[in-house]
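Survey of secondary and tertiary structure
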Amino acid sequence: MHQGMGLEAYNALPLRRAVHAVYECCYSVVLATDLAGGRPFADHDSLFRQADTLLFSLGEDSIDRVLQAYPHIGARPRSPKSVCEQCSVWDDDPAVMTQLNTEVQHYAEQFGFGFVMFVEDCCAHRAMAGIVDRLHNDRETERKVVRNELARINRARLERMLGPEGGYYNW
């Protein structure tokens, strides 16, 4: 994944490379192409706002294709010995992962698409709680929640791609 390139370097990339960099963040060729085509951006916030605008303008079919590209949330525990300090649940515990996979499957059966959630500093236990909470939503509400979660994920990934506002000092 492209990381810490700085906004100036991103603005200067050839179109194909800029599309590739954004695609790694959002898994949408349409969004990546339109965002890269909207360069140059004056600052990070203008890029983030445009990314949100483009995401929220995508049709439901495009969102479904984005969701298909996301990894299954229960497939990758953080590390072999990771434990959530807040809830003391081991993410590599087979019982926890089996329960998480069951909840993810229940979610997919109810809504017809995969579960996605912004999971920075999140453990399997909190992901399960998020699934259980969201199972109370109707399909239309959940589609809106999914777009908001995708926007949060995109923003975090775009921030990582760009690095700090002034960029990193290149030796």
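Computed from a prediction, not measured in an experiment: that's the story for all the values here.

1. What to know about the overall build of the chain
Scanning the chain for helices and strands turns up eight helices and zero strands. Expressed as a percentage of its 171 residues, the buried residues of the chain come to 43%. Sequence-distant contacts in the chain: of pairs separated by 6 or more residues, those separated by 24 or more amount to 71%. Put simply, the chain shows about 9,800 Å² of open surface, and 51% of that area lies on carbon and sulfur atoms.

2. Regarding the nonpolar core
Counting residues in hydrophobic clusters, the biggest one holds 47 residues, and the most contacted among them are Tyr10, Val22, Leu47, Leu150 and Met161. When contributions to this core are tallied by element, the ones reaching two or more residues are helix H1 (7–12), helix H2 (15–26), helix H3 (29–37), helix H4 (44–57), helix H5 (60–69), helix H6 (94–111), helix H7 (124–134) and helix H8 (139–162). At seven residues, H8 tops the list of elements feeding residues into this core.

3. Looking at the packing of aromatic side chains
The tally for this structure, following the rule as stated, stands at six aromatic pairs. Residues Tyr23 and Tyr27 carry aromatic rings whose centres are separated by 6.2 Å and whose planes lie at 65° to one another, so their mutual orientation is edge-to-face. An aromatic cluster of at least three residues, connected via ring pairs, comprises Tyr107, Phe111, Phe113 and Phe115. Between the NZ or CZ atom of Arg39 and the centre of the ring of Tyr10, over which it lies, the distance is 5.4 Å. Directly above the ring of Phe113 sits Arg143, whose terminal nitrogen or CZ lies 4.6 Å from the centroid.

4. Considerations on H6
In a regular helix each residue adds 1.5 Å, so 18 residues correspond to 26 Å; H6 covers 26 Å between its end C-alpha atoms and thus fits that length. Those residues of H6 lying buried are Val96, Met97, Leu100, Glu103, Val104, Tyr107 and Phe111. Along the long axis of H6, the arc covered by the buried residues comes to 125°, so they all point the same way. Seen from the open side of H6, the exposed residues pointing more than 90 degrees away from its buried face are Pro94, Ala95 and Glu109. Considering only its buried residues, H6 is in contact with H7 and H8. Residue Gly112 follows H6 closely and has a positive phi angle near 85°.

5. Observations regarding the state of the cysteines
Taken as a whole, this structure holds zero disulfides when the rule is applied. Of all cysteine sulfurs, the one in Cys26 lies closest to Cys25, which takes part in no disulfide; the gap is 6.9 Å. You can call Cys25 buried: its relative accessible area is 0%. For Cys26, a relative accessible area of 4% gives the class buried.

Rules of the game
- Residues numbered from 1 in each chain as written.
- Predicted model: local features only at pLDDT ≥ 70, side-chain atom pairs only at ≥ 80, totals over all residues.
- Heavy atoms only, no water.
- Helix = DSSP H or I, 4+ residues; strand = E, 2+ residues; numbered from the N terminus.
- Buried < 20%, exposed > 50% of the residue type's maximum accessible area, 1.4 Å probe, protein only.
- Contact = heavy atoms within 4.5 Å.
- Areas by Shrake-Rupley, 256 points an atom, 1.4 Å probe, with all protein chains shown as cover.
- Core = buried A, V, L, I, M, F, W, Y, C linked by side-chain atoms within 4.5 Å.
- Phe/Tyr/Trp six-rings, centres within 6.5 Å; stacked < 30°, edge-to-face > 60°.
- Lys NZ or Arg CZ within 6 Å of the ring centre and 35° of its normal.
- Expected span 1.5 Å × (residues − 1).
- Arc of directions from axis to C-beta.
- Disulfide = S-S within 2.5 Å.

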